[in-house]
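Working through the structure, step by step
Letter by letter, the chains look like this.
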Amino acid sequence: MLVTAAALAAVTSCAQTTFTPRSSPVMQQAEVEQTNVAIDKDQMLSAHNAIRQRLGVPPLRWSTNLESLASSWANYLSTDTDCSIRRRGSIGLPRHKNGIGENLQLVEAVRFDDGRTEKAAIDERQVVLSWARQGIDYDYTTNKCALNKNCGHYTQLVWRDSQVVGCAAASCSGEEQIWVCNYDPPGNYVNQKPY
């Protein structure tokens, strides 16, 4: 599904978590593949931690290794899948060997009546808030999402055991944008509450 700058509240996106135990460090330095959408890492991290702080969940730190992984996936989705949101496993690629969490966001281009399109003005805070808004549909007592609702992006965002995050974004040929955040350790384990 898509989001426009004018209709940010209608955002939906896909979340991926894998459930393999983490066995290698993700804080090591990695060379980050460049994308055609620059993000402000400090703003992205600050937006995550502002949501987590409200719940008393420990803050995340930035991982260059996860940023590199997110950048690679954002670039792949923006070029090889015609800007469609896909999980790695859904297109036959193996999940990341260390088991990471992933939130994805597709931001639709602004479309004008005369046929022109341009990249939507959206920032890191808005992307994170779109995932955080899913908290409305999450019932902590039952540890479930409301019927026919998705709250997996929210629960990954606030997962108590996640320690690091790395994000990237890429623009597609139609001016849509794909935003990717990866988390380690991953969240969304069955029958476990996020905090």
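Because the structure is predicted, anything quoted here is derived from the model rather than measured.

**Quick notes on the side chain of Arg52**
- Counting through the fold element by element, Arg52 comes out in helix α1 (residues 41-54).
- For Arg52, the residues in contact, after removing those within four places along its chain, are Val57, Pro58, Pro59, Leu60, Leu157, Val158, Trp159, Arg160 and Ser162.

**Digging into the packing of α1 against helix α3 (residues 124-132)**
- Following both chains from N to C, one finds α1 and α3 inclined at 30 degrees, their axes separated by 8 Å at the closest point. Classified by the interaxial angle, the pair formed by α1 and α3 is roughly parallel. Our pair here, α1 against α3, has a crossing hand that is right-handed. Across the interface between the two elements, Gln43, Met44, Ala47, His48 and Ile51 from α1 touch Glu124, Arg125, Val128, Leu129, Trp131 and Ala132 from α3.
- Along the lines of polarity and charge, the residues of the contact of α1 with α3 split into 7 nonpolar, 2 polar and 2 charged.

**Looking at the confidence of the model for the protein chain**
- Per-residue confidence for the protein chain gives a mean pLDDT of 81, with 76% of residues at or over 70.
- Low pLDDT, under 50, characterises residues 1-29; the stretch is placed with 80 contacts to residues that sit more than four places away or in other chains.

**Notes on α1**
- Between the first and last C-alpha of α1 there are 20 Å, a value that for 14 residues agrees with the 20 Å anticipated at 1.5 Å per step.
- Each element contacted by the buried residues of α1 is listed here: β2 (61-62), α3, α4 (152-157), β8 (164-171) and β9 (177-184).
- Positive phi appears at Gly56, one or two residues downstream of α1, with a value of about 75 degrees.

**What to know about the environment of Ser71**
- Here Ser71 lies in helix α2 (residues 64-80).
- Between the alpha carbons of Ser71 and Gly166 there is a distance of 8.9 Å; along the sequence they are 95 residues apart.

**Comments concerning the state of the cysteines**
- Counted according to the given criterion, the structure contains 3 disulfides.
- Between the sulfur of Cys83 and that of Cys172 lies a disulfide, 1.9 Å long from S to S. Taking the torsion about the S-S bond as the criterion, the Cys83 to Cys172 disulfide, at about 70 degrees, is right-handed. You can see Cys83 sitting in the loop between α2 and β3 (101-107) and its partner Cys172 sitting in the loop between β8 and β9, a full 89 residues away along the chain.

**Overview of the pairing of β3**
- Across the 7 residues that make up β3, a large majority, 7, are buried.
- Residues Gly101, Asn103, Gln105 and Val107 point to one face of β3 and Glu102, Leu104 and Leu106 to the other, with burial holding for every one of them.
- Where β3 lies against β9, 7 bridges are found, and the strand directions are antiparallel. Across the sheet, Glu102 pairs through a bridge with Asn182, a residue of β9.

**Quick word on the pattern of salt bridges**
- Inspection of the entire model under this criterion finds 4 salt bridges.
- A salt bridge links Lys41 to Glu67; the shortest N-O distance between them is 3.3 Å. Note that Lys41 is positioned in helix α1 and Glu67 in helix α2, a separation of 26 residues in sequence.
- Relative accessible area serves as the criterion here: at 8%, Glu67 is assigned to the buried category.

**Focus: the packing of aromatic side chains**
- Going through the model one piece at a time under the given rule, you end up with 5 aromatic pairs.
- Taking the centre distance of 6.4 Å and the plane angle of 80 degrees together, the rings of Tyr138 and Tyr140 count as edge-to-face.
- The exposure class of Tyr140 is partly exposed, given its relative accessible area of 34%.
- Measuring from ring centre to ring centre gives 6.2 Å for Trp159 and Tyr189, while their planes differ by 45 degrees; the resulting arrangement is tilted. Residue Trp159 is found in the loop between α4 and β8, and its partner Tyr189 is found in the segment after β9; the two are separated by 30 residues along the sequence.
- A residue is classified by how much of its surface remains accessible, and Trp159, at 1% relative accessible area, is buried.
- Between Arg160 and the ring centre of Trp159, over which it is positioned, the NZ or CZ distance is 5.1 Å.
- Over the face of the ring belonging to Tyr140 we find Lys193, whose NZ or CZ atom lies 4.2 Å from the ring centre.

Rules used in this analysis
Residues numbered from 1 in each chain as written. Predicted model: local features only at pLDDT ≥ 70, side-chain atom pairs only at ≥ 80, totals over all residues. Heavy atoms only, no water. Helix = DSSP H or I, 4+ residues; strand = E, 2+ residues; numbered from the N terminus. Contact = heavy atoms within 4.5 Å. Axes fitted to C-alpha atoms, helices over the stretch in contact; angles between N-to-C directions. Parallel < 35°, antiparallel > 145°, perpendicular 65-115°, else oblique. Left-handed = near helix turned anticlockwise from the far one by under 90°. Nonpolar A, V, L, I, M, F, W, Y, C, P; charged D, E, K, R; others polar. pLDDT = per-residue confidence, 0-100. Expected span 1.5 Å × (residues − 1). Disulfide = S-S within 2.5 Å. Buried < 20%, exposed > 50% of the residue type's maximum accessible area, 1.4 Å probe, protein only. Pairing = 2+ DSSP bridges. Salt bridge = Lys/Arg side-chain N within 4 Å of Asp/Glu carboxyl O. Phe/Tyr/Trp six-rings, centres within 6.5 Å; stacked < 30°, edge-to-face > 60°. Lys NZ or Arg CZ within 6 Å of the ring centre and 35° of its normal.

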